[in-house]
Protein chains: 2
Amino acid sequence: MSEHNSQQALNYSQENKDDFLNELFDLLRIPSVSADPKFSKDVHEAAKFIKQKLIDAGVDKAEICETAGYPIVYGEKIIDENLPTVLVYGHYDVQPADPYELWDSPPFEPVIKNDRIYARGACDDKGQFYMHVKAFEAMAKTGSLQCNVKFMIEGEEEVGSNNLEIFVNENKEKLKNDVVLISDTSMISMDTPSITAGLRGLSYVEVEVTGPNRDLHSGTYGGAVANPINVLCDMISSLKDENGHITIPGFYDKVEEYSQEYRDTLNKAPFNEEDYKKELDIDAVFGEKGYTTIERIGIRPTLDVNGIWGGYIGEGAKTVLPSKAHAKISMRLVPNQESDEITQLFVDHFNNIAPDYVKVKVTPHHGGESAVVSTDSPAFRAAEKAFKDGWDKKPLPTRDGGSIPIVALFEKKLKSDVLLMGFGLDKDAIHSPNESYGVENFFKGIDTIIRFHGHFAKAE
Amino acid sequence: MSEHNSQQALNYSQENKDDFLNELFDLLRIPSVSADPKFSKDVHEAAKFIKQKLIDAGVDKAEICETAGYPIVYGEKIIDENLPTVLVYGHYDVQPADPYELWDSPPFEPVIKNDRIYARGACDDKGQFYMHVKAFEAMAKTGSLQCNVKFMIEGEEEVGSNNLEIFVNENKEKLKNDVVLISDTSMISMDTPSITAGLRGLSYVEVEVTGPNRDLHSGTYGGAVANPINVLCDMISSLKDENGHITIPGFYDKVEEYSQEYRDTLNKAPFNEEDYKKELDIDAVFGEKGYTTIERIGIRPTLDVNGIWGGYIGEGAKTVLPSKAHAKISMRLVPNQESDEITQLFVDHFNNIAPDYVKVKVTPHHGGESAVVSTDSPAFRAAEKAFKDGWDKKPLPTRDGGSIPIVALFEKKLKSDVLLMGFGLDKDAIHSPNESYGVENFFKGIDTIIRFHGHFAKAE
C-alpha cells in the first residue's frame, strides 16, 4: 500500500513542478537576513509567508510562535496517534549577501541559469526546507500521508538559534516525534548520494585590539607606538603553530583520536585532490599536519578568521596608525569539545597573550555543539532505502565539516533520533556570493522525502 | 627698516584676523580629498579658490598649471631681482576624512571649539600654507615686502606628489629661489618652538592574498583550505622579529648607525614618557629594541600596517572562509634608504615568503625620500631669529618621523635650501578624525612668517 500511496504523491509532485518552483521563488525574494537588523521586517515577513504555505499545503494547525528574537513557525498534521511522527526542522533566515558586488545577479531576485536556482538561501536553507513543505503537500493532497508530520521552521539559525532551546524546552510534548528530519546539509555528488552522520560544533568570537586612543599619523608616531593591526596579526598568527595545530591551551584535551581503521574507512569516500584544487583554483591544499583533507574537515577542529578590519581601507594610500583593529574568528569543534568551554579557553588565551601596549576585548558570538548521528536507527535505514529508490545507490554516511548546533539540542532535549538528509552540493556556494541550488536537487529531494515517509512508516 | 616694515605688516595681520579666519574656513569647506576620485571636482575647486586668493593678496601673476593629475597653483611677486626669493610650497589636497562617524563635527564644516579650528585640513596643510598667503598679503598691502615671493601649492601631496617632479623639472628657471619655505610639520609645543631638521622617507604598498577562487563556507572547507586572512596575518607577523626589527633582507643595509654622542643630543629634547602614554591612553610604548622613543621616530625606519580588510566585516557572525585578504603597509625610511629600492625589497620578500597554497599580489603606492635639512643655512638662522622674536626662545632643531617626499626633490632638482617651519602640534590629529589647528598657532605662524621675511632679507 505504501508504495502505491507514495506513487500518487510522486505523481502530484511531478504535475505541480511549476507551482512548487514559483512559490520557492516568492520565498527567496524575501531578504530574511537574520544577522542584520535592517532586514528585521523581512525576516518577520518570511515567517508569515511560511505559515500561510503550511496552511495551503494541508496542515491542521499552523502558528507563528513568538520568541525573544525571530519567531518559530510551527505546523502539524496528526493523522493517527499510533503512526510514527516526523518533525521537520528547517530555517527561513539566510546569511548576509555581502559582498553584493560579487553576485552575477541580485541575491534576492532568484533566476534559473543552467538548471540551477541562483539566490541567497536557494540551498541554505529555503530551497531545502521548502522541499519538505511540498512533499507534505503532495502526500496530504493525495491522501497518501503515512506518518504524522510536524514542522518547526526557525528564523535564527544563521545567528546561533539563540531562542530555539527555550522553545524546545517549553514545548517538549508538542514537539514529540520519532525522528527529527533536517535537510540543511549536502551530498557528495549527484552520482554519489550520501547522508550526513556527523557535524562539527562552533565557537565564534569577535576580537578588538586597541592601541592609542585615536588614529595617529604613522609618521609622527610610527615605530614608537604599537600598531594594533600589526599586534592583531601577531596574535592571530600565534594561534596556530607551523604544523597548523591550534595553540590555545586545552583546546585538544577532549578531541577524540580515531583508530587508523576508522580513518581508513573515512578516507574511502570518493575524493580527488586534483579536482578539488582545480575547482577552487588553488595550487595546494593546506591544513593540520598528519591528516588528510577528509579528516581535516570531518574529525579535526579548526580555527579560521572569518573577517578582519582596521585602519584605512578606502582607495589610495593613507598613512594612519589606527586606534583599533578587529577580527571575527570561529572555531569548528568535534565531538566532546563543548562550545562554551572552547570559547572560554579562547577568551582566556587571547587575553593572556595580549602584550601590555594594547588592550584587547573578546566578545563571544553564538556557538553550537557538534553531533554524531546514529547510522543504525530506523530513520537512517529508511533514508537509505529512499535514496536507493531514487538514485539506485546506497548512500554513503559522511562527516560534514559544518555545524547545525540544534542537532545536539534535539538529541539531548527531545531524546530524538535526528536524520540529516541534505540534498545540497559543494558547488552550491552557500554563505558565498552566487549561492545556487540545482533544480534537479530540489525535485529529486521532494521525491526522496516522499519515499522516506513511506519507508519510515513501515520501519522497525 | 625691516623691523619697521615688519611692524606695519604685523599690524595689518592683527587688524584683519576675522577676514583671515573666514577665508580659511571657506577653503576648509572644500572637500579636496585627492585619494578618492569622487572628490575630483572639489580638488579642482580648491585650486581655483587659491588662485583667486593669491590675486587678491597681491601677486603679480597667478596661474593654474595643469598636470597629468591635479593642478599646481603658481603665483609670484617679484619686487627686485636683486633681493632674495622665497618659494613657498604647500598643498591644498587633504587626507580622506574616514571614518566619518568618529568626527565630533562634520570634517568639512569647520568650527572653532576651545580656540581650535576643527576640520579636515585645518592643520595639514590648508591651515599651514594659508598662513603664507596671509603673511604675504599683510606685507604686500602695507608695502613692506622685503623678499620676492613665489607660491607653488600642489594638490597631490597626500597621494605622493606624482606630478610635482615633472613640473619642477620643466620649470627650474621659474621656480628659482633662495629658500623653499614649507609649513607642513609640527613644533614640540607652544612652550618649546622647534624647527624640523630631518624627515623620514616612505614606501607604501598594498598587498592582496588570494586563497580559493571564491568565498567558501568555513564549515565545509575550514581546516582543509588555507584561509587567506590567517595567511596574511602570518605573513605580516613575520615581517618583524620579536625585537621589533624588520626582517626584510637588505632593509637595514643603508641605515646609518649614529654615534652615542649624536643620540645623546637627540635625547636631550624635552620628552616625558608618562605624559606621552597618558595622552595616548596606552600602558606602554613599543618599538624597536635598543632605541628610545625619540630615536625610534627620528632616526629609525618602521613598518606599519595602515589598513587591513577581508571576509565578513558587517554586524553579527558569518562563517565564511574568504577568497581574499588585503592590507596597506607603509615603511618610514631614514636617510640613505631609497624609497624605490626598499619598495622592491618588500615586493621580492613578500613574494618569496608566500606559501604555495595562496597567491599574492603587491602593488606599490607612492613613495618618497627622506631628507636632512641644514641647520646652518641663512634661512635656518633667519627662522631661528623669527621664532626668537615671537616666542622669546631659540627653537630646537628636531627630527620628524613623517615624510614630505618633495623636500628631497627640491634639494636635488632646485639645489635649494629647504626650511621646514611648521606650526602644528602633535595634538592636531592630522590624518585622524577631529583634526584641528590652534587659532593661536595660525596667527602666531603668520607673524613668524612675516618676521622671517624681514630677517631673511638681511641674512648673510
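By the naming in an unreviewed UniProt entry, chain A is Dipeptidase, taken from Mangrovivirga halotolerans.

Trainee: Please explain the overall build of chain A as it appears in this structure.
Mentor: Summing up its helical and strand segments, chain A has 14 helices and 18 strands in all. Projecting the C-alpha coordinates of chain A onto the three principal axes gives extents of approximately 80 × 50 × 45 Å. Taking all 460 residues of chain A together, the buried fraction comes to 64%. Put simply, 79% of the contacts in chain A that link residues at least 6 apart link residues at least 24 apart.

Trainee: Is there a simple way to explain the domain arrangement of chain A in this structure?
Mentor: Often the size quoted for an interface is simply the accessible area lost on bringing the parts together. Residue and element names in this part refer to chain A. Looking at chain A, the domain boundaries give domain 1 (2-199 + 370-458) and domain 2 (201-255 + 301-364). Between the C-alpha centres of domain 1 and domain 2 there is a distance of 36 Å. Each partner contributes residues to the interface: domain 1 has seven residues there, and domain 2 has seven residues. Summed over both sides, the interface between domain 1 and domain 2 buries roughly 450 Å², with carbon and sulfur atoms accounting for 51% of that surface. Inspection of the domain 1/domain 2 interface yields zero salt bridges. Run the count over domain 1 and domain 2 and you get one residue pair in polar contact (both at pLDDT 80 or more).

Trainee: Please clarify how the UniProt feature "domain: Peptidase M20 dimerisation" (unreviewed entry) in chain A should be interpreted in this entry.
Mentor: In this numbering, the UniProt entry assigns the feature "domain: Peptidase M20 dimerisation" (unreviewed entry) to residues 199-357 of chain A. The straight-line gap between the two end C-alpha atoms of residues 199-357 of chain A is 40 Å; of that span, 31% is helix and 21% is strand.

Trainee: I tried to follow the pairing of strand 13 (residues 324-333) of chain A on my own but got confused; where do I start?
Mentor: Within a regular strand, side chains alternate between the sheet's two faces. All names here are of chain A. With nine of its 10 residues buried, strand 13 lies for the most part within the structure. Sheet topology places strand 9 (residues 201-210) next to strand 13; 10 bridges connect them, and they run antiparallel. Residue Val207 lies in a different strand from strand 13, and its bridge partner there is Ala327. In the sheet, strand 11 (residues 304-311) pairs with strand 13 via six bridges, with the strands oriented antiparallel. Within strand 13, the position partnered with Asp304 by the bridge is Ser330.

Trainee: Help me understand the environment of Val372(B) in this model?
Mentor: All names here are of chain B. One can find Val372 in strand 15 (residues 371-372). On the basis of relative accessible area, Val372 is assigned to the partly exposed category, the value being 41%. Each C-alpha atom of the pair Val372 and Lys48 lies 33 Å from the other, and the pair is 324 residues apart in sequence. When neighbours within four sequence positions are excluded, Val372 is seen to be in contact with Ala197, Gly198, Pro335, Arg399 and Glu411.

Trainee: I'm lost on the relation of the copies chain B and chain A in this one. Help?
Mentor: Note: a rotation about an axis with an accompanying shift along it relates these two copies of the chain. At an RMSD of 0.1 Å, chain B and chain A line up after a rotation of 180° and a shift of 0.1 Å along the axis. Such a turn and shift between the copies fits a two-fold axis. The residues that chain B uses at the interface reappear at the interface of chain A in 100% of cases, marking a shared surface.

Trainee: I tried to follow the interface of chain B and chain A on my own but got confused; where do I start?
Mentor: At the interface, 88 residues of chain B touch 88 residues of chain A. When chain B packs against chain A, close to 7,500 Å² is buried across both sides, 52% of that on carbon and sulfur atoms. Connecting chain B to chain A are four salt bridges. Of the charged contacts, one joins Arg214(B) and Glu279(A) as a salt bridge, the two residues approaching to 3.1 Å between their closest N and O atoms. At the junction of chain B with chain A, the criterion picks out 42 residue pairs in polar contact (both at pLDDT 80 or more). Sorting elements by how many residues they give to the side of chain B that touches chain A places strand 11 (residues 304-311) of chain B first, with eight residues.

Trainee: Honestly, the pattern of salt bridges in this entry has me stumped. Any pointers?
Mentor: Side-chain pairs of opposite charge can arise whenever the charged atoms involved come near each other. Within this structure, the stated rule accounts for 38 salt bridges over all chains. Ionic pairing is found between Lys38(B) and Asp36(B), a salt bridge with its closest N-O pair at 3.2 Å. The class for Asp36(B) is buried, based on a relative accessible area of 18%. In this structure, the salt-bridge partner of Glu435(B) is Arg120(B), at a minimum N-O distance of 2.6 Å. Of this pair, Glu435(B) sits in the loop between strand 17 (418-420) and strand 18 (436-438) while Arg120(B) sits in the loop between strand 5 (116-118) and helix 4 (126-141), placing them 315 residues apart in sequence. Each member of the pair Glu435(B) and Arg120(B) is classed as buried. Through salt bridges with shared partners, a single network forms among Glu23(A), Lys134(A) and Glu137(A).

Trainee: Any chance you could explain the packing of aromatic side chains here in plain terms?
Mentor: Where two aromatic rings form a pair, the distance of their centres and the angle of their planes describe that pair. Throughout the structure, instances matching the rule amount to 32 aromatic pairs over all chains. On the basis of an interplanar angle of 80° and a centroid distance of 6.2 Å, the ring pair of Phe129(B) and Tyr130(B) is categorised as edge-to-face. The same class applies to Phe129(B) and to Tyr130(B), which are both buried. Ring plane angle 80° and centroid distance 5.2 Å describe the contact between Phe251(B) and Tyr252(B), whose orientation is recorded as edge-to-face. Judged by relative accessible area, which is 1%, Phe251(B) ranks as buried. Residue classification places Tyr252(B) among the partly exposed residues on the basis of a relative accessible area of 21%. Cation over ring: Lys17(A) sits above Phe443(A), and NZ or CZ is 4.8 Å from the ring centre.

Trainee: Honestly, the sheet that holds strand 14 (residues 359-364) of chain A in this entry has me stumped. Any pointers?
Mentor: The strands making up a sheet associate through backbone hydrogen bonding, with each pair oriented either parallel or antiparallel. If you walk across this open sheet you meet the eight strands as 14(A)-9(A)-13(A)-11(A)-11(B)-13(B)-9(B)-14(B), and the pairing is antiparallel. For this open sheet the edge positions go to strand 14 of chain A together with strand 14 (359-364) of chain B, each flanked by a neighbour on one side alone. Within the sheet, the average angular offset between the axes of one strand and its neighbour, ignoring direction, is 20°. Sheet contacts for helix 7 (residues 228-237) of chain A: strand 9, strand 11, strand 13 and strand 14 of chain A together with strand 11 of chain B; angle to strand 13 of chain A, the most-contacted strand, approximately 15°. In the packing of helix 11 (residues 339-352) of chain B onto the sheet, the strands contacted are strand 9 (201-210), strand 13 (324-333) and strand 14 of chain B, and the crossing angle to strand 9 of chain B comes to about 20°.

Trainee: Got a minute to help me understand unusual backbone geometry in this structure?
Mentor: With the exception of glycine, most residues fall at negative phi, and the peptide bonds are largely trans. Residues and elements named next belong to chain A. The omega torsion across Asp124 and Asp125 is 0°, close enough to zero to call that bond cis. With respect to the helices and strands, Asp125 occurs in the loop between strand 5 (116-118) and helix 4 (126-141). Positive phi outside glycine occurs at Asp281, with the angle close to 55°. Looking at the element boundaries, Asp281 is found in the loop between helix 9 (273-280) and helix 10 (293-298). One non-glycine residue, Asn434, lies in positive phi territory at about 60°. Examined against the element boundaries, Asn434 turns out to sit in the loop between strand 17 (418-420) and strand 18 (436-438). On the accessibility criterion, Asn434 (17% relative accessible area) is buried.

Trainee: How should the packing of helix 2 (residues 17-28) of chain A against helix 4 of chain A be read in this particular structure?
Mentor: The relative placement of two packed helices comes down to the angle between their axes together with the axis-to-axis distance. Residue and element names in this part refer to chain A. Two numbers describe how helix 2 lies on helix 4: the axes approach to 11 Å, and their chain directions differ by 140°. Between helix 2 and helix 4, the angle falls in the class oblique. Of the two elements, helix 2 crosses helix 4, and the hand of that crossing is right-handed. Taken together, the residues of helix 4 that come into contact with helix 2 (itself represented by Phe20, Glu23, Leu24, Leu27 and Leu28) are Lys126, Gly127, Phe129, Tyr130, Lys134 and Glu137. Its residues placed into classes, the contact of helix 2 with helix 4 shows six nonpolar, one polar and four charged.

Trainee: How should I be thinking about the environment of Ser161(A) in this particular structure?
Mentor: All names here are of chain A. Along the polypeptide, Ser161 turns up in the loop between strand 6 (148-154) and helix 5 (164-170). Owing to a relative accessible area of 7%, Ser161 belongs among the buried residues under this scheme. Placed 123 residues apart in sequence, Ser161 and Lys38 show a C-alpha to C-alpha distance of 19 Å. Excluding residues within four positions of it along the chain, Ser161 makes contact with Tyr89, Glu154, Glu156 and Ile406.

Trainee: Looking at this model, I keep getting lost on the sheet that holds strand 18 of chain A. Mind explaining?
Mentor: Residues and elements named next belong to chain A. Taken together, the three strands give an open sheet; going across it, the order is 4-5-18, and neighbouring strands pair in antiparallel fashion. Edge positions in the sheet fall to strand 4 (111-113) and strand 18, since each has one partner strand and no second. Pairwise comparison of adjacent strand axes, ignoring direction, gives a mean angle of 30° for this sheet. In this sheet, strand 18 lies alongside strand 5 in antiparallel orientation, the contact comprising three bridges. Residue pairing across strands places Tyr118 opposite Ser436, the latter belonging to strand 18. Along the sheet, helix 14 (residues 439-458) makes contact with strand 4, strand 5 and strand 18, crossing strand 18 at roughly 55°.

Conventions used here
Residues numbered from 1 in each chain as written. Chains lettered and ligands numbered in written order. Predicted model: local features only at pLDDT ≥ 70, side-chain atom pairs only at ≥ 80, totals over all residues. Heavy atoms only, no water. Helix = DSSP H or I, 4+ residues; strand = E, 2+ residues; numbered from the N terminus. Buried < 20%, exposed > 50% of the residue type's maximum accessible area, 1.4 Å probe, protein only. Contact = heavy atoms within 4.5 Å. Domains from an automatic or database assignment. Buried area = accessible area lost by both parts, 1.4 Å probe. Salt bridge = Lys/Arg side-chain N within 4 Å of Asp/Glu carboxyl O. Polar contact = N/O pair within 3.5 Å; in protein donor to acceptor, adjacent residues only side chain to side chain. UniProt positions renumbered as here; feature names shortened; annotations may be inferred. Pairing = 2+ DSSP bridges. Least-squares fit on C-alpha atoms with pLDDT ≥ 70 in both. Phe/Tyr/Trp six-rings, centres within 6.5 Å; stacked < 30°, edge-to-face > 60°. Lys NZ or Arg CZ within 6 Å of the ring centre and 35° of its normal. Axes fitted to C-alpha atoms, helices over the stretch in contact; angles between N-to-C directions. Parallel < 35°, antiparallel > 145°, perpendicular 65-115°, else oblique. Left-handed = near helix turned anticlockwise from the far one by under 90°. Nonpolar A, V, L, I, M, F, W, Y, C, P; charged D, E, K, R; others polar.

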